[in-house]
Amino acid sequence: MKRKAKRTELIEVAQGRRPADLFIKGGTVINVYSGEFLKQNVAVYKDSIAYVGENDVLVDEHTKVIDAEGMYVSPGFIEPHAHPWVVYNPISMTRKVLPLGTTTTVNDNLFFYLHMGAKGFKEMVNDLKDLPGNFLWLVRLVSQADFPGEREWFNQKDVQELLELDEVVGTAEVTRWPLLYQGDPFLIDTIEVAKKMGKVVDGHTAGCSYEKLNSIAASGVSACHEAITAKEAFDRLRLGMWTTLRNSSLRPDLPEIIKIITEGQVSTNRITMTTDGPHPGFIEEEGFVDGLVRKAVELGVPAMTALQMATINAATYLRLDDYIGGISPGKLADILLLPDLVEFRPALVISKGEVVAEQGKLLVAMPEINWNKYVVRKPFAFPKEVLDDLNIYRYPHTSRGKAVPVAYFKSNVITERKDVMPPFVDGFADISNEEGLLYASLIDRNGKWVSKAILERFARNLDGMASTYNTTTELLVIGRDPKAMAIAAKKVYDMGGGIVVVDGSEIVVEIPLPFTGMMTTDPSFETAVQYHNQLLSALQERGFPFHDILYTLLFLTCDFLPGLRLVPFGLYEVKKDDILLPAELLNEKVMK
C-alpha cells in the first residue's frame, strides 16, 4: 500500500505549520491500540492522518471541517476474506459495502483467474485501482475442483507473478486442504515464496481434526475461518492460527463460535471476523462487516473488542497495520463517524482522506469497467445443437441389477450416498415416477465430456434448470424432464452464462451472468439482490428445502466436501476418493 502524503508534510500539519485538508472536530476517537475512548480531534492531509489529539490545527479556506460532536470516530472496517463474485461483482459489491463502513476488502481471485489467466487478471487489478476504498487480493494456488489441465493453469510462474503485485497481500484459501496435509510440493513451495515476500497464507480447514491441524499449521497456513464451534475456534487459536469468526449466509455461526470470547475469555488479539462471501440478500438484510460488529456486540462482546477484531486485528493479520486499522498519525485516513455503538451504521465514511459516503449514500463515482475484455475463455466452444441430445441429461444404465448411487442432500451443501433401484428404459434410469429424484449433468464448456448424477432432496418439482454458477463454471443442468433441461441449457448457452429455470417448455427464471458465468455485469447491487431473491423463491416453490441456493449450486461441483460430488472427472465419492461413474466423452460432432 502507498500513501500520497509525504511524511514531512504530515509532520508540518501535526505541528500547525501546514493547513489540514480535513479536520474532524469534537468527536470521541475509538483508539483500538489502547482500548480507550478519547475526546480528540483528527487532522487529515491528502490521504493520511497527520494529527490525533486535543489541540486544534491550522486550517484555511480549503480545509473541510467536520463537526463530530456526539459521534464516535472509528477506523474503517476491514473484511479480510471476501468473495466478490456471488452474483454481484467488484463494482456492485463496493458500491454497497463502502457506505456501510467497510473501507478495505481482501478478495479471492478464483473465478477471475480461471477465466482470465494471469495476464487478464493483472489488467483487471490495474483498472480496479480507481475503485474507492482499498480493494486487495488473495491469489488461489489451486481450484476448488480438480480438472484436466488444472496444474498447467495454476502454474508456478503465473501464480508467483501475481503474488508480486502490490495489491496482492497473500495466497487464498486452499479448500482442498488434504493436499497441504500430504505436503503437495507445488503448494508448499509457493507458500514458502509467499512467506519470503512477507505475505499471508489464508486457510480453509473445514472438518480438519486437531491432530491434522498440526500439519496444516506446519505447512505455513496463517489463518482459518472454518471453525463452526467454539472448540474448533480454540483448536485453531491454540495452534497459532489467526482465527477468523464467520457469520455468513451459508454459515451464520457467530452465536456459537463467539463463545470462545464470551465464555472462553480468550485473548482476542489474534481473532478477526468475516462474512465469507454471503449471498446478496444476506448483505441487504444483515449488512457486511458492520453487521459482524453489530452481531458480536448483541451476543455480549464489548464494543471495543468487536471493533478491534474488525479493524486493527484484521490489519495486523494482513501485515498492513502500518497503513490501516486505526486512527493514528501516518496511517491512511480510513475513518467512520458512528452515531452510536449499537447499530454501527456510519453517518459518514472517509476513505483515504476523501468523504465517500454519507448516511448510507455513496458520494463518489465508480469506474466503468468492460468486464469481459479481460476474459480469455470462451463461454461455450461447441455447437448449441449438441444440447438437443436428450441423452446428455439421462443417467446411463451401468450394470443391470445393481443399485444406482444417489447424492442425497443432508443440508445446504453436504450430501451423502444413497443407493436406489430405479427402473431402466432404453438403457437409462427412469426417474419419472420417483418423487424427489432429479437428473444432474455437468457439461464441459468445450464440449468434450459430460459428468452425470442423480440427486435427491435438491427439489421435488423442478422440470429443468441450468447454471454456470458453480465451482467449475461448466454448464450444470438439473431436472426431472430432459426436454425442459435442454431448454434451460440452451438458454444459458445463448446468454453466455447464467441461471435459468424452466417449467415444461416455459422459462420462468432467467438470470444472465455473462462475466465468468458467475457474475452480473450490472453495477447495481440491487440487481444482484433481485436475481438472488427471484432464484431462491422459485426453487423453494419447487421444493428446495434449504436457505442458500447459490452455495448449493456452488459446492455441488467441488471435490472437498463430504458425500457425492459431480466433478469434471465424473460422479465422485469424496471420502473414498473414488469415481463411481466416470465422465462420458461427448459425440464426435462436438469434438470437432
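Treat the numbers as computed from the prediction; the structure is a model and nothing was measured.

Asks: Help me out: how do you make sense of the sheet that holds strand β11 (residues 223-224) in this one?
Replies: Hydrogen bonds between backbone atoms are what pair the strands of a sheet, whose relative direction is either parallel or antiparallel. One open sheet accounts for 8 strands, arranged β6-β7-β8-β9-β10-β11-β12-β13; its pairing is parallel. Two strands lie at the open edges of the sheet, namely β6 (77-82) and β13 (271-274), each paired on one side alone. Where strand β9 (residues 168-171) lies against strand β10 (residues 200-203), 2 bridges are found, and the strand directions are parallel. Bridging from a neighbouring strand, Gly-170 pairs with Val-200 of β10. Contacts from helix α5 (residues 156-163) reach β8 (134-139) and β9 within the one sheet, and its direction differs from that of β9 by about 135°.

Asks: Quick question: what am I supposed to make of the UniProt feature "domain: Amidohydrolase-related" (unreviewed entry) in the protein here?
Replies: The UniProt record annotates "domain: Amidohydrolase-related" (unreviewed entry) at residues 72-356. The span residues 72-356 is 39% helical and 19% strand by assignment, and the distance between its end C-alpha atoms comes to 18 Å.

Asks: Help me understand helix α16 (residues 482-495), please; the structure alone is not making it clear to me.
Replies: At 3.6 residues per turn, the α-helix brings residues three or four places apart onto the same side. For α16, built from 14 residues, the straight-helix expectation of 20 Å at 1.5 Å per residue is met to within 8% by its first-to-last C-alpha distance of 20 Å. Those residues of α16 that sit buried are Pro-482, Ala-484, Met-485, Ala-486, Ala-488, Ala-489, Val-492, Tyr-493 and Met-495. If you follow the buried residues of α16, they end up packed against β22 (437-443), β24 (464-467), β25 (475-479), β26 (498-503) and β27 (506-512). The backbone nitrogen of Lys-483 lies 3.0 Å from a side-chain oxygen of the residue at the head of α16, namely Asp-481. Just beyond α16, the residue with positive phi is Gly-496, at close to 75°.

Asks: Could you clarify how one ought to interpret the state of the cysteines in this entry?
Replies: Note: disulfide means a covalent bond formed between the sulfur atoms of two cysteine side chains. Applying the stated rule across the entire model yields 0 disulfides. Here Cys-208 is not cross-linked by a disulfide; its sulfur's nearest cysteine counterpart is in Cys-224, at 8.1 Å. As a non-bridged cysteine, Cys-558 has Cys-224 as the owner of its nearest cysteine sulfur, 16 Å distant. Given a relative accessible area of 0%, Cys-558 falls into the buried group.

Asks: Just checking my understanding: could you explain the packing of helix α3 (residues 110-127) against α5 for this structure?
Replies: Two packed helices can be described by the angle between their axes and the distance between those axes. Here α3 crosses α5 at 60°, and the two axes come no closer than 10 Å. The angle between α3 and α5 places the two elements in the oblique class. Note that α3 runs across α5; the crossing there is left-handed. On the side of α3, the interface is formed by Tyr-113, Ala-118, Phe-121 and Lys-122, while α5 contributes Asp-158, Val-159, Glu-161 and Leu-162. Split by residue class, the contact of α3 with α5 holds 5 nonpolar, no polar and 3 charged.

Asks: Hey, could you run me through the domain arrangement of the protein in this one?
Replies: How big an interface is tends to be stated in terms of accessible area lost as the parts join. Segmenting the protein into domains produces domain 1 (1-75 + 326-355), domain 2 (77-324) and domain 3 (384-590). If you average the C-alpha positions of domain 1 and of domain 2, the two centres end up 28 Å apart. Each partner contributes to the interface: domain 1 provides 28 residues, whereas domain 2 provides 27 residues. Carbon and sulfur atoms supply 63% of the area buried between domain 1 and domain 2, which totals about 2,300 Å² over both sides. Considering only the surface of domain 1 that becomes buried against domain 2, Met-1, Val-32 and Phe-344 emerge as the three largest contributors, covering 32% of it. Our count for the domain 1 to domain 2 interface comes out at 1 salt bridge. Between Asp-166 and Lys-2 there is a salt bridge whose closest N-O contact spans 3.8 Å.

What counts and what doesn't
- Residues numbered from 1 in each chain as written.
- Predicted model: local features only at pLDDT ≥ 70, side-chain atom pairs only at ≥ 80, totals over all residues.
- Heavy atoms only, no water.
- Pairing = 2+ DSSP bridges.
- Helix = DSSP H or I, 4+ residues; strand = E, 2+ residues; numbered from the N terminus.
- Contact = heavy atoms within 4.5 Å.
- Axes fitted to C-alpha atoms, helices over the stretch in contact; angles between N-to-C directions.
- UniProt positions renumbered as here; feature names shortened; annotations may be inferred.
- Expected span 1.5 Å × (residues − 1).
- Buried < 20%, exposed > 50% of the residue type's maximum accessible area, 1.4 Å probe, protein only.
- Polar contact = N/O pair within 3.5 Å; in protein donor to acceptor, adjacent residues only side chain to side chain.
- Disulfide = S-S within 2.5 Å.
- Parallel < 35°, antiparallel > 145°, perpendicular 65-115°, else oblique.
- Left-handed = near helix turned anticlockwise from the far one by under 90°.
- Nonpolar A, V, L, I, M, F, W, Y, C, P; charged D, E, K, R; others polar.
- Domains from an automatic or database assignment.
- Buried area = accessible area lost by both parts, 1.4 Å probe.
- Salt bridge = Lys/Arg side-chain N within 4 Å of Asp/Glu carboxyl O.

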